[in-house]
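Coordinate inspection notes
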Amino acid sequence: MANRVTLAPEKSAKPAKKSPARNGAGNSAERERIFYLFRRWGFYEANLDPLGFFAPLKCPDLDGLSGEYAEEARRYYCGTVGVEFLHIPELDRRNWIAEHIEGAESQVDQKKILERLVRADLFEQILQSRYLGSKRFSLEGNTALIPLLDSILNVAGDLGGVDSVMAMSHRGRLNVMAHISCKPVHEVVSGFEDVDPRSVLGAGDVKYHVGATGVYTTSSGKKLNVHLVSNPSHLEAVDPVAMGRTRAKQTRHGVRGPEIDRSPKILNKVWGITMHGDAAFAGQGIWAETLNLADLPAYTVGGSIHVIVNNLIGFTTRPSQEHSSRYASSIARRQSVPIFHVNAEDPDAVVRVGRLAAEYRAQFNSDVVVDLIGYRRHGHSEVDDPTITQPRLYERIKNHPQLWKIYAEHTGIDATPVASSVKQEYEEAQRKAAKLTKIPALRKLPDYWSPYNYGKYSPSFEVDTGLSREKIAEIAAGLVRTPAGFHVHPKIVKLLEQRAEMGQGKRPFDYGFAELLAYGSLVLEGSPVRLTGQDSQRGTFNQRHAVLVDNQTEEEYLPLAHLSPNQAFCEVYNSSLSEAACLGFEYGFSRDYPEGLVLWEAQFGDFVNGAQVVIDQFISASEDKWGLPTGLVLLLPHGYEGQGPEHSSARIERFMQLAAEGNMNICQPSSAAQYFHLLRRQARRPWRKPLVVFTPKSMLRHPDASSPIEEFERSRFLTLVPDHEVTDAQSILIASGKVGHELRAERRRRNDTTTAVFFLDQLYPLPKDEIAAAIAAHPNAREIVWVQEEPANMGALFYVLPRLERIAQARNLRVRTVRRSASASPATGSAKAHELEQKTLLTLAFATTPNS
Ligand SMILES: Cc1ncc(C[n+]2csc(CCOP(=O)(O)OP(=O)(O)O)c2C)c(N)n1
């Protein structure tokens, strides 16, 4: 294998398009046999690595094949493009690819390609010379990415595209910002100047993580908004976020009242394009989870284009240490997705592959993978010395010319004029950046954000959330209505009867129906609702039944989508069995649907830790890092009920630890009506913050937590629920969630009239004034007791205690805490041990301290 790939000569002599099946007469069977083998195995022998280290693999099935047919097929399938597509079961898709690969080559604009390569390379070089020693994660070695994206966007624009949502990590990000997101070069470069550090103390992000939005103009003059999604360092975590944003933008284009149009016309308006490193593509689970969402009704975006910016290295690690497969892309083979491998030093082939990928996506609304194989000119970052670990590779790279020079020589186009004008232009941009005194503002949020506030809380955001009895009755009637001929399951017939009674005020509401009442009221008021989670349609605890299933046909019916022809849309989906990708997707959706109530539900609260990266990097911090708000809701079943260490805790402590600067609301509603008001508050307030809700399990239908209809008429969610049963308490117990009900039951059992029990329904921001006011209603109280089910090292204890102590100090009250002993695991595995522990908690809570 030569050290350097010689570019394939301009191939003009390919035969005209012909269907593989319709080809020739006499020897057609033999031709077809040979072509089949090359279609099946040819990619192994393709010449994909510009430096020749990743050599073609001799394939026994192709060994010894010669003659006219073999030569022709080899030209198509073993050149600088290798296609994996015979794992796709759909024949029309396979035929489409074969016809396009074996058809006449499309024209490319070589002058334009050269100009883009010059820009991509010189951009990096100017940064290298001006900011030596700064990290920029250069694209050099894979600069063909820029013409590749050009060709994808050109097709997108011609097919009606108006938006493209892009995700990528560090590598080449600045280059893409400048050349694809079309952020002015001096603004991109300004990141290196690091002006005005005081404006971002404790906040902001590094230059190669922030997002960029701009307008891209295609060759035919079409305009596309390009949104490069802000990205944390955690590789691939941004993928589901970009997909969720794509889906939300498509939904915006397709909403027709309660209906959403997902026809190809709408899907082609918004194009999701994700870029990946080869090591990350092969290794990161969140990416595998995201890919699996591609064709699911809850998540599909009508196909995304995935580009592996493959430099055959990950930091210092070789591919043979990164993945068990020959290609980094192989995980995509589990789905009906074609994979185009292309040598990044054949820019004409790269552009053609980009075009094919985009056309395929539009034709079949399918995902596509483009594996762009180049190299990495510098170390992992520019301050790393790669010769320590890859001396042979870097010896070769040292003498390897830049792509634009290779391409100029190959095409015979004189690159000197364009190179000198681009150089001048970028040097001028650098000088302009050096003179800036303020960080250029991120592009402003889209117009649909303008009715909403974020940032600091103001009491003026509060709105009444109660409903009149008539309204409740009307919504409830709609929620129990089924279409004529729909066969309702006998158990659900009973449930619907009970729900009808709730709506008429004849029986108290449980959580399940209170929740649906909230959603129903919102869609009627014009706020869309989207709820996803594992088994969320029925509800893990058999409590929700948002989606009804015909007992004979298994057809599904969502009453929430049929309340009125003028309502907003409602979607309730069972999700894939993923936490990270599914939560990331909903975060992305919420970013582009502020007017909607977007909820993600964990099956049990503890499973949320599978999505910890999304919580840490996006939900709790995106406003602080990137100025990007969200009103996403997390529903996390929580409560100590003797089900063992794994089904008890949604890890309240982790959310409390992430809480700062008013970045989210963390709540545990103590009754069905409180849950109803909380959900309505989240949607109706003109203020967007993430909301974490710890939801009940055994209390879902418990009479103590059920609410009479009057509770839905009252105006608002109470952050603290005071105690009206005991008027002059000596001891005040403060708890959140189920244990509060157990404390009140224990008080009844003891005929205790001296102990008040408050529910803290909002843990963060802590309602200090409300707590102080409720305490003041008990002037003879001697102590405040914080009671929690969680062990001492968990729950809200560490957060609440010092703040309660400050409130208590003002009244000279003692503060005690009652909780399980600190523990390495959240809960006991024995139901009996749990009972004993729970009894002890209650006993200790009522063990009032003697008069002091
Ligand atoms: C989840 C995660 N683990 C580890 C890292 C540290 N890290 C940053 S880049 C990198 C190598 C990535 O290699 P590859 O995906 O091939 O992209 P490249 O940098 O080569 O373009 C690693 C391990 C990270 N950013 N995220």
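Preceding block: the structure.
Every chain's residues receive numbers from 1 upward, in the order its sequence appears when written. Per-residue local features are limited, in this predicted model, to residues with pLDDT of at least 70; the limit for side-chain atom pairs, both in listing and counting, is 80 or more; totals at the level of whole chains, interfaces and linings are taken over all residues. With hydrogens and water stripped out, all remaining heavy atoms of the structure feed into the side-chain values.

1. Observations regarding the layout of surface pockets
The line we're drawing: As defined here, a cavity is a set of points on a 1 Å grid over the protein atoms alone where a 1.4 Å probe fits but cannot get out. A pocket is an open set with protein on both sides within 12 Å along at least five of seven lines, and residues line them when an atom is within 4 Å of a point. Grid points are joined across faces, edges and corners, and a volume is the space filled by probe spheres set on the points. Where helices and strands are cited, they refer to DSSP runs of H or I of at least four residues and of E of at least two residues respectively, numbered from the N terminus. In this count, Pro and Cys sit with the nonpolar residues alongside Ala, Val, Leu, Ile, Met, Phe, Trp and Tyr, while Asp, Glu, Lys and Arg are called charged and the others, Gly among them, polar.
Considered as a void within the structure, the second largest pocket measures approximately 900 Å³ in volume. What lines the second largest pocket is a set of 37 residues, among which Tyr 457, Asn 665, Trp 687, Gln 762 and Pro 765 lie closest to the centre. Sorting the residues of the lining of the second largest pocket by element identifies α22 (622-626), α24 (672-684), β22 (762-764), α27 (768-776) and α28 (797-811) as the ones contributing at least two each. In terms of residue count, α27 provides more of the lining of the second largest pocket than any other element does, 3 residues in total. Each residue belonging to the lining of the second largest pocket can be placed in one class, and the counts come to 15 nonpolar, 9 polar and 13 charged.

2. What to know about the pairing of strand β11 (residues 529-533)
Every other side chain in a regular strand lies on the same face of the sheet, so the side chains alternate between the two faces. Our working rule: Relative accessibility decides the category of a residue: with a 1.4 Å probe and only protein chains considered, values under 20% of the type maximum give buried, values over 50% give exposed, and everything between is partly exposed. Strand pairing is defined by DSSP finding a minimum of two bridges between the two strands.
Taking burial as the measure, the 5 residues of β11 include 5 buried ones, the bulk of the element. Side chains of β11 alternate between two faces, with Val 529, Leu 531 and Gly 533 and Arg 530 and Thr 532 buried alike. Alignment of β11 against strand β15 (residues 597-601), held across 5 bridges, turns out to be parallel. The residue bridging Arg 530 from the neighbouring strand is Val 598, located in β15.

3. A word on the side chain of Asn 663
As a reminder of what qualifies: N or O atoms closer than or at 3.5 Å make up a polar contact, with two conditions inside protein: a donor-capable atom paired with an acceptor-capable one, and, for residues adjacent in sequence, both atoms drawn from side chains. Here, two residues are considered to be in contact whenever any of their heavy atoms come within 4.5 Å of each other.
Residue placement: Asn 663 occurs in the loop between α23 (652-658) and β17 (665-667). At 3.1 Å, the side chain of Asn 663 and the backbone oxygen of Ser 620 are in polar contact. Of note is the side chain of Asn 663, whose polar atom sits 2.9 Å from the backbone oxygen of Leu 658. In contact with Asn 663, not counting residues within four places along its chain, are Ser 620, Leu 658, Lys 689, Pro 690 and Tyr 764.

4. Examining the nonpolar core
Put simply, the test is: Here the nonpolar core consists of buried residues drawn from Ala, Val, Leu, Ile, Met, Phe, Trp, Tyr and Cys, with membership extended through side-chain atoms lying within 4.5 Å.
By size, the foremost hydrophobic cluster in this structure holds 169 residues, and its most contacted members are Leu 145, Val 307, Leu 634, Leu 636 and Ile 666. Of all hydrophobic cores here, the second largest spans 56 residues; its members include Tyr 511, Leu 597, Ala 672 and Leu 679.

5. Remarks on the sheet that holds strand β19 (residues 720-721)
What counts here: An axis is simply a line fitted to the C-alpha atoms; with a helix, the fit covers only the stretch in contact. Between two such axes, the angle follows the N-to-C directions and lies from 0 to 180 degrees.
Strand order in this open sheet of 5 strands is β19-β21-β20-β23-β24, and the pairing throughout is mixed. Every other strand in the sheet has two partners, leaving β19 and β24 (814-820) as the edge strands with one partner each. Note: strand β20 (residues 731-735) against strand β23 (residues 783-791), 4 bridges, orientation parallel. The residue bridging Ile 732 from the neighbouring strand is Ile 784, located in β23. Against the sheet, helix α26 (residues 738-750) touches β19, β20, β21 (755-760) and β23, its axis set at about 165 degrees to β21. Against the sheet, α28 contacts β20, β21, β23 and β24, and its axis sits at roughly 165 degrees relative to β24.

6. Focus: the sheet that holds strand β8 (residues 304-310)
An order of β1-β9-β10-β8-β7-β2-β4-β3 is seen for the 8 strands of this open sheet, with the pairing classed as mixed. Since the sheet does not close on itself, it has two edges, and those belong to β1 (81-84) and β3 (212-217), each with one partner. Each adjacent strand pair in this sheet contributes to an overall mean axis angle of 20 degrees, direction not counted. Relative to strand β4 (residues 223-228), β3 is paired through 6 bridges, and the arrangement is antiparallel. Across the sheet, residue Thr 217 finds its bridge partner in β4, namely Lys 223. In the packing of helix α5 (residues 145-158) onto the sheet, contacts are made with β2 (163-167), β3, β4, β7 (270-277), β8 and β10 (368-373), and the angle to β7 comes to roughly 165 degrees.

7. Focus: the site of the ligand
Rules: Nearness is defined per residue: one heavy atom within 4 Å of the molecule or strand is enough. Here the accessible surface of atoms and residues is derived via Shrake-Rupley with a 1.4 Å probe, and residues count as covered only by protein chains that are part of the display.
Residues in contact with the ligand amount to 15 residues; listed here are only the nearest, Arg 171, Ser 233, Asp 278, Ala 280 and Ile 313. Backbone polar atom of Ser 233 to a nitrogen atom of the ligand: 2.9 Å apart, as the coordinates give it. For the ligand, the protein covers 76% of the area, taking 580 Å² as the surface of the free molecule. At 3 residues, the largest contribution of residues to the shell around the ligand is made by helix α10 (residues 278-283). Taken together, the residues that form the shell around the ligand break down as 5 nonpolar, 8 polar and 2 charged.

8. Remarks on helix α19 (residues 511-524)
To keep it simple, the criterion reads: To estimate the expected span of a helix, subtract one from its residue number and multiply by 1.5 Å.
If you check α19, its first and last C-alpha atoms are 20 Å apart, about what 14 residues at 1.5 Å a residue would give, namely 20 Å. Of all 14 residues in α19, 13 are buried, a share of seventy percent or more. Phi turns positive, to about 100 degrees, at Gly 526, one or two residues after α19.

9. Focus on the packing of helix α3 (residues 91-102) against helix α13 (residues 347-364)
Heads up, the condition is: Each angle is binned into one of four classes, with values under 35 degrees roughly parallel, values over 145 roughly antiparallel, values of 65 to 115 roughly perpendicular, and all other values oblique. Each crossing is labelled by how the near helix is turned from the far one, with a counterclockwise turn of less than a right angle marking it left-handed and a clockwise turn marking it right-handed.
Packing of α3 against α13 leaves a shortest axis separation of 12 Å and a crossing angle of 150 degrees. Between α3 and α13, the interaxial angle falls into the category roughly antiparallel. As α3 runs across α13, the sense of the crossing is right-handed. The residues of α13 that touch α3, namely those facing Asp 92, Arg 93, Trp 96, Ile 97, His 100 and Ile 101, are Leu 356, Glu 359, Tyr 360, Gln 363 and Phe 364. Residue classes in the contact of α3 with α13 are distributed as 6 nonpolar, 2 polar and 3 charged.

Keep in mind these values describe shape, not function.
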